[in-house]
Amino acid sequence: MMAAQLESDTRRVPRHIAIIMDGNGRWAKQRSLPRVAGHRKGADAVRTCVTAAIEAGVQYLTLYAFSSENWNRPADEVTDLMNLLRHYLRREVAELNSKNVRLHFIGKRDRLAPDTLKLMESAEELTKDNTRLHMCIALNYGSQCEIVEAARALASAVKNGDLAPEDITHAHVADNLLTAHIPDPDLIIRTSGEQRLSNFLLWQAAYAELVFLDVLWPDFDACALGKAIDEFQQRERRYGGR
Ligand code: IPE
Ligand code: IPE
Ligand code: MG
């Protein structure tokens, strides 16, 4: 590849990629396996994805792991997913740390088991100064709930006399979201062929490019990430201008 072309491609690598990791159940079903087998393979795909994102030069990677609506699944599947998360953290955090990855979580922490919370907090603490990739796991996350909480915080500030309603700006809302410290996603990928956001980063997605891949999440690899980045690079982002 010509140096100039390489340089322009590098410049257009999305700074922040967010992924709706969907299709674990269908992957298992195609193989007549229990759904948990799909979730297990999905956890392996996370590792592949992180490595590929680092290679591609992505700075922020947000992964939708468990939505606030996923509690509506049968109890045994919820248990399987939570067990897998614990297993993933026990197995992967040291390696993520050695790769200079910063790990942090967004979502409500109220319904999670104490030992899970402890693993999450110690992973965040261990990796907090890492700079190669900022990896954000959305766990028990729901965007509408996040926006409601921001509205509550701003309403309290108004009630206390610290803020006038007419002074509320976009920045006040953004600063009260769980993503206050990270830039909005440039690219949102959803695997499995579904084309919806399922309560993921609704405010933050305002000008994200959306790419829907047919690949099921357990089959996601560097090639699939490359395909999504290629598609992103074909898009013209206008932000309402011309
Ligand atoms: C994504 O795969 C994993 C989670 C939502 C936790 P699914 O479990 O939603 O897989 P499908 O959509 O049933 O194939
Ligand atoms: C979205 O997938 C949530 C995650 C990937 C964690 P779902 O499979 O839960 O979404 P719906 O129910 O198809 O919208
Ligand atoms: Mg699904």
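Analysis parameters
- Residues numbered from 1 in each chain as written.
- Chains lettered and ligands numbered in written order.
- Predicted model: local features only at pLDDT ≥ 70, side-chain atom pairs only at ≥ 80, totals over all residues.
- Heavy atoms only, no water.
- Core = buried A, V, L, I, M, F, W, Y, C linked by side-chain atoms within 4.5 Å.
- Buried < 20%, exposed > 50% of the residue type's maximum accessible area, 1.4 Å probe, protein only.
- Contact = heavy atoms within 4.5 Å.
- Near = heavy atom within 4 Å.
- Polar contact = N/O pair within 3.5 Å; in protein donor to acceptor, adjacent residues only side chain to side chain.
- Areas by Shrake-Rupley, 256 points an atom, 1.4 Å probe, with all protein chains shown as cover.
- 1 Å grid on protein atoms, 1.4 Å probe; cavity = no way out; pocket = protein on both sides within 12 Å on 5 of 7 lines; lining within 4 Å.
- Sits in = over half its atoms within 2 Å of the grid points.
- Helix = DSSP H or I, 4+ residues; strand = E, 2+ residues; numbered from the N terminus.

(A) Structural context of the nonpolar core. In terms of nonpolar packing, the biggest core is built from 47 residues, with Ile 17, Ile 19, Val 50, Leu 61, Leu 89, Leu 103 and Met 135 touching the most fellow members. Setting aside chain neighbours within four positions, we find Leu 61 in contact with His 16, Ile 17, Ile 19, Cys 49, Val 50, Ala 53, Leu 133, His 134, Met 135 and Cys 136. Ala 18, Tyr 60, Leu 201 and Ala 208 belong to the second largest nonpolar core, which has 14 residues in total.

(B) Inspection of the site of ligand 1 at higher detail. Taken together, 13 residues lie around ligand 1, and Asp 22, Gly 25, Arg 26, Arg 35 and Arg 73 are the ones closest in. The side chain of Asp 22 places a nitrogen or oxygen atom 2.9 Å from an oxygen atom of ligand 1. Within the contact set of ligand 1, an oxygen atom lies 2.9 Å away from a backbone nitrogen or oxygen of Gly 25. Protein chains shield 85% of the accessible area of ligand 1, which is 380 Å² for the free molecule. When atoms are counted within 2 Å of each cavity's grid points, the one that captures over half of ligand 1 is the largest pocket. Residue assignment for the shell around ligand 1 shows that the elements contributing at least two residues are α2 (24–30), α3 (35–56) and α4 (75–98). Considering each element in turn, the shell around ligand 1 owes the most residues, three residues, to α2.

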